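Listed below, chain by chain, are the residues.
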Amino acid sequence: MSTRQFFVGGNWKLNPTSLSKAKELVEVLNKADLDPNTEVVIGVPSLYLIPVSEAVTKKQILISAENSYYKESGAYTGEISASQLKDAGIPYVILGHSERRTIFHETSEVVALKTRAALDAGLKVILCIGETLTQREGGETAKVCEEQLAAVVKQIKESHIFVEPILTIHYSNIVIAYEPVWAIGTGKVATTAQAQETHVDVRAYLAKAVSTTVASEVRVIYGGSVNAANSGDLGAQQDIDGFLVGGASLKPEFVDIINARK
Ligand SMILES: O=C[C@H](O)COP(=O)(O)O
């Protein structure tokens, strides 16, 4: 087992349908016996970010936005900036989720600009990458993940952070979420071997493109139909440092996933 801290993120997406229901979900976590070694982050719709963060009573639970724009301010109707999130006390943002890439047509370059802006504003980023079923069947998984990561690596290089210790700190503020698109919300979870293999490929790419320190220290988590029943085996893999959980983060079983290594 690695020394990287286990990380379990819940991605509520466009749920729940009311603030009172959101507070009920928080209350379950407030009352639960959570593994103190797990970092817990919940991704919350923008409108609920502040009230939900105020409802959390455990220091261990942090709040994440589900998106942010790469401009700090200006005429960008409907957007929310990384510095606004930072100012509101929100520490994390999820970027590059496949639903953003597919439904909202975000390219890897846009995701990279958003990642750079978020890091520059002092946020931590849960950066999602992953292949479609066609890409997996075509043997392109590693290539697709590399391309999605390469856009971010390029942006970080261009942000003039070229001194190794600073670069390492910068990357420590990124959690990479490998989420095969075909496993999201489908009930088709990647096998432990498939997930572990891709996580190793992600580290190999980072070792080549950034540094071996970053490759071994960055947390790479898995997302896609994670539930209480499969989280134990997945979480026991050497290179799986936790999960990004969609549907099950809205259910009581989220507590069991947080405690997968307990
Ligand atoms: O961000 C989370 C992923 O989209 C996984 O969603 P899921 O657990 O419902 O498959």
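Residues numbered from 1 in each chain as written. Predicted model: local features only at pLDDT ≥ 70, side-chain atom pairs only at ≥ 80, totals over all residues.

Per an unreviewed UniProt entry, the protein carries the name Triosephosphate isomerase and comes from Coprinellus micaceus. The UniProt entry for the protein carries the following comment under Subunit (unreviewed entry): "Homodimer." UniProt, in the comment section headed Catalytic activity (unreviewed entry), describes the protein in these words: "D-glyceraldehyde 3-phosphate = dihydroxyacetone phosphate". (UniProt positions renumbered as here; feature names shortened; annotations may be inferred.)

*Asks:* Hey, could you run me through the site of the ligand in this one?
*Replies:* Around the ligand sit 14 residues, and of these Asn-11, Ile-184, Gly-223, Gly-246 and Gly-247 come closest. Here the shell around the ligand is composed, by residue class, of five nonpolar, eight polar and one charged. (Near = placed C-beta within 6 Å. Nonpolar A, V, L, I, M, F, W, Y, C, P; charged D, E, K, R; others polar.)

*Asks:* I tried to follow unusual backbone geometry on my own but got confused; where do I start?
*Replies:* The general pattern is negative phi for most residues beyond glycine and trans for most peptide bonds. Asn-15 connects to Pro-16 through a cis peptide bond whose omega is -10°. Counting through the fold element by element, Pro-16 comes out in the loop between β1 (7-11) and α1 (19-31). The backbone phi angle of Ser-225 is positive, close to 60°, even though this residue is not glycine. Relative to the elements of secondary structure, Ser-225 occurs in the loop between β7 (219-223) and α11 (231-235). Ser-225 gets classed as buried once you count the C-beta atoms within 10 Å, which come to 21. (Helix = DSSP H or I, 4+ residues; strand = E, 2+ residues; numbered from the N terminus. Buried ≥ 20, exposed ≤ 12 C-beta atoms within 10 Å, placed from the backbone.)

*Asks:* Which parts of the structure should I look at to understand helix α5 (residues 108-120)?
*Replies:* The first and last C-alpha atoms of α5 sit 18 Å apart over 13 residues, in line with the 18 Å expected at 1.5 Å per residue. Within α5, burial applies to Val-111, Ala-112, Lys-114, Thr-115, Arg-116, Ala-117, Ala-118 and Leu-119. Looking one or two residues beyond α5, the residue adopting positive phi is Gly-122, at roughly 95°. (Expected span 1.5 Å × (residues − 1).)

*Asks:* Honestly, the environment of Arg-219 in this entry has me stumped. Any pointers?
*Replies:* For Arg-219, the location among the structural elements is in strand β7. Owing to 21 C-beta atoms within 10 Å, Arg-219 belongs among the buried residues under this scheme. Residues Arg-219 and Ser-83, spaced 136 residues apart in sequence, show a C-alpha to C-alpha distance of 24 Å. Those residues in contact with Arg-219 that lie beyond four places of it in its chain are Arg-4, Phe-7, Val-175, Asp-241 and Gly-242. (Contact = placed C-beta atoms within 7 Å.)

*Asks:* What is the right way to read helix α9 (residues 192-209) from this model?
*Replies:* Since there are 3.6 residues in each turn of an α-helix, residues three or four apart along the chain are aligned in direction. Between its first and last C-alpha, α9 extends 26 Å over 18 residues, near the 26 Å set by a 1.5 Å rise per residue. When we look at burial in α9, the residues that qualify are Ala-195, Thr-198, His-199, Val-202 and Leu-206. Seen along its axis, α9 keeps its buried residues to an arc of 105°; they face one direction. Of the exposed residues in α9, the ones pointing more than 90 degrees away from its buried face are Ala-193 and Lys-208. Contacts from the buried residues of α9 go to α7 (141-158), β6 (174-178), α10 (212-217), β7 and α11. (Arc of directions from axis to C-beta.)

*Asks:* Any chance you could explain the packing of α7 against α9 here in plain terms?
*Replies:* Two numbers describe a pair of packed helices, the interaxial angle and the distance between the axes. The N-to-C vectors of α7 and α9 enclose an angle of 40°; their axes lie 10 Å apart at closest approach. Comparing the axis directions of α7 and α9 gives the class oblique. Crossing of α7 against α9: the hand is right-handed. Residues Thr-141, Ala-142, Cys-145, Glu-146, Leu-149, Ala-150 and Val-153 of α7 pack against Thr-198, Asp-201, Val-202, Tyr-205 and Ala-209 of α9. (Axes fitted to C-alpha atoms, helices over the stretch in contact; angles between N-to-C directions. Parallel < 35°, antiparallel > 145°, perpendicular 65-115°, else oblique. Left-handed = near helix turned anticlockwise from the far one by under 90°.)

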